[in-house]
Amino acid sequence: MLKTLEKEAVVMQEAQRLYKVLQGVSKTKAEKWAWEDCLAAAPYTLAINRFKKEKNAVILAHSYTTPDLVYGVADFRGDSYELALKARESSADIILFAGVWFMAQTAKLINPSKRVLIPAGKAGCTLADSMTGEQVRQLRRAHPGVTALCYINSTAEVKAACDVCVTSGNVFDIAQKMPGDELIFVPDMLMAENLENELKKRGTPKKIIASGGSCCVHDKYRPSDVQMLRAKYPGIRVLAHPECAAEVCQLCDYVGSTKGMVSYVAACTDKIFGMFTEFGLVNRLEAEYPDKTFVWPFGVCSYMKKNSLINTLEALVDPRPDQVVEVNENVAVQARKSIEKMFELTK
Ligand code: 13P
Ligand code: SF4
């Protein structure tokens, strides 16, 4: 009886820890995280955090995953670049990456000897799935001598076929440093247009030869969405991820990575922000800046949301084969070079 009561008290305490962060954070478009949600999550976060210690695992969670993961069990939260850096620096035996497949695959490329797990299994990404390594090689044969950059949202095969990997946080700076007046950029056609515009603005124009697809979340936003927010909330600051269309980005006050947007909000004394990005980042901002208001046309990445407390626990305790990341070593050798080049150029 006493033991049961003690256990219940521990769960209650954990639920209180979660509720402190999650109250006020949107769970869906219409509802906020409730006390009952935190109470239901608490036994899982307790178990995951216990297994994490026992197995010497580190949990990295992309900002687009749900806040129970981000604030309940993650050791580090962030964008693709921040988490790739954390994966690189980690001394843990196991890296559990709550994100999509290409992110966990990147962590494995950087840490070939570590066990890398992904709760969501082979969670895709419309960008990473838009292009194969062979398509990049064909493009390069058509443009010999042109440096090829790949966005980190790409497969290991695509990274292996390119010279330098970039993320939304360093794409403009790295492209600017590249020699020549032409660049190949894959696989985000919309980011390619933003890149060409930004390089022109910086006075270092380059022709961008682009191929690939677009992000199914960010390509939905339209210039009229920005205009509508500006009309409804005079003085609003509007921020967009560079995966949005150029016509949207041109109407915004800030265009940058997930980390860039968080830093912008942190530094800005204004109180209301229009966010042209994914729901999870809005959740992070709601949790970390409760005195500010965030509005946006709803956009959710269903791939990121495949990560949950249940499959995180499952992956830690006894992973399914699709939750364990492996990369063919021949591909990995080349792909690693383009990632290491990115770290070198971002110093
Ligand atoms: P970040 O690099 O900004 O995290 O973006 C990754 C992503 O998938 C955006 O849709
Ligand atoms: Fe890919 Fe878009 Fe999801 Fe990011 S938000 S992981 S780019 S599908």
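Structural data are supplied above this passage.
Residues numbered from 1 in each chain as written. Chains lettered and ligands numbered in written order. Predicted model: local features only at pLDDT ≥ 70, side-chain atom pairs only at ≥ 80, totals over all residues. Heavy atoms only, no water.

### Concerning the site of ligand 2
What counts here: The rule for a residue being near a molecule or strand is that one of its heavy atoms must lie within 4 Å of it. Just so you know the grouping, Ala, Val, Leu, Ile, Met, Phe, Trp, Tyr, Cys and Pro go in nonpolar, Asp, Glu, Lys and Arg go in charged, and all remaining residues, Gly too, go in polar.
As a matter of local geometry, ligand 2 sits amid 13 residues, with Cys125, Asn153, Cys215, Glu243 and Cys301 nearest to it. Class assignment for the residues of the shell around ligand 2 results in 10 nonpolar, two polar and one charged.

### Regarding the nonpolar core
Definition in use: Buried residues of nine kinds, namely Ala, Val, Leu, Ile, Met, Phe, Trp, Tyr and Cys, make up a nonpolar core once their side-chain atoms join them within 4.5 Å. Each residue's exposure class comes from its accessible area (1.4 Å probe, protein chains only) as a fraction of the maximum for that residue type: buried when under 20%, exposed when over 50%, partly exposed otherwise. Contacts are residue-level and defined by heavy atoms, with any inter-residue pair within 4.5 Å sufficient.
Core analysis: the biggest nonpolar cluster contains 100 residues, and Phe185, Val186, Met275 and Phe276 have the highest contact counts within it. Dropping the residues within four chain positions of it, methionine 275 is found in contact with Leu239, Met261, Leu281, Val282, Leu285, Phe294, Val295, Trp296 and Pro297. With 29 residues, the next largest nonpolar core counts Cys38, Val70, Ile94 and Leu96 among its residues.

### Here's the deal with the sheet that holds strand 2 (residues 76-78)
Quick reminder of the rule: In this description, strands pair whenever DSSP reports at least two bridges between them. A run of DSSP states H or I qualifies as a helix once it reaches four residues; a run of E qualifies as a strand once it reaches two. Both are numbered from the N-terminal end. Whenever a helix is involved, its axis is fitted only over the stretch in contact; in every case the axis is a line through C-alpha atoms, and angles between N-to-C directions fall within 0 to 180 degrees.
Read across the sheet, four strands follow the order 2-1-3-4 without closing on themselves; strand pairing throughout is parallel. The sheet is open, and its two edges are formed by strand 2 and strand 4 (115-117), each paired on a single side. Here the average twist between neighbouring strands, direction ignored, is 20°. By the bridge criterion, five bridges tie strand 1 (residues 57-62) to strand 3 (residues 94-98) in an arrangement that is parallel.

### So, the packing of aromatic side chains
Working definition: an aromatic ring pair is given by the centre-to-centre distance plus the angle between the planes. For clarity, the threshold we go by: For Phe, Tyr and Trp, where Trp contributes only its six-membered ring, two rings pair if their centres lie within 6.5 Å, and the inter-plane angle classes them as stacked under 30 degrees, edge-to-face over 60, or tilted in between.
This structure, assessed with the given rule, holds eight aromatic pairs. Between tyrosine 221 and phenylalanine 276, the aromatic rings sit 5.3 Å apart at their centres with planes inclined by 80°, giving edge-to-face as the arrangement. Of this pair, tyrosine 221 sits in the loop between strand 8 (207-210) and helix 10 (223-232) while phenylalanine 276 sits in strand 11 (residues 272-276); the two residues are 55 residues apart in sequence, bridging distant segments of the chain. With a centroid separation of 5.6 Å and 15° between ring planes, the pair formed by phenylalanine 279 and tryptophan 296 is classed as stacked. Residue phenylalanine 279 is found in helix 13 (residues 279-288), and its partner tryptophan 296 is found in the loop between strand 12 (293-295) and helix 14 (309-317); the two are separated by 17 residues along the sequence. With respect to burial, phenylalanine 279 and tryptophan 296 carry one shared label: buried. Members of the aromatic cluster, connected to one another through ring pairs, are Phe279, Trp296 and Phe298.

### Examining the site of ligand 1
We count it as follows: What qualifies as a polar contact is a pair of N or O atoms within 3.5 Å, subject to a donor-acceptor requirement within protein and to the restriction that residues adjacent in sequence count only when both atoms come from side chains. To be clear on the numbers: accessible area is Shrake-Rupley with a 1.4 Å probe, and residue cover counts the displayed protein chains and nothing else.
Contacts to ligand 1 come from His62, Tyr64, Asp79, Ser80, Tyr151, Asn153, Ser168, His218, His241, Glu243, Ser257 and Thr258. Between ligand 1 and serine 80, the relevant distance is 2.8 Å, taken from an oxygen atom to a side-chain nitrogen or oxygen of the residue. One of the side-chain nitrogen or oxygen atoms of glutamate 243 is found 2.7 Å away from an oxygen atom of ligand 1. Here ligand 1, which alone exposes 300 Å², has 96% of that area covered by the protein. Looking at the shell around ligand 1 residue by residue, the class counts come to two nonpolar, eight polar and two charged.

By themselves, these observations are geometric and do not establish any function.
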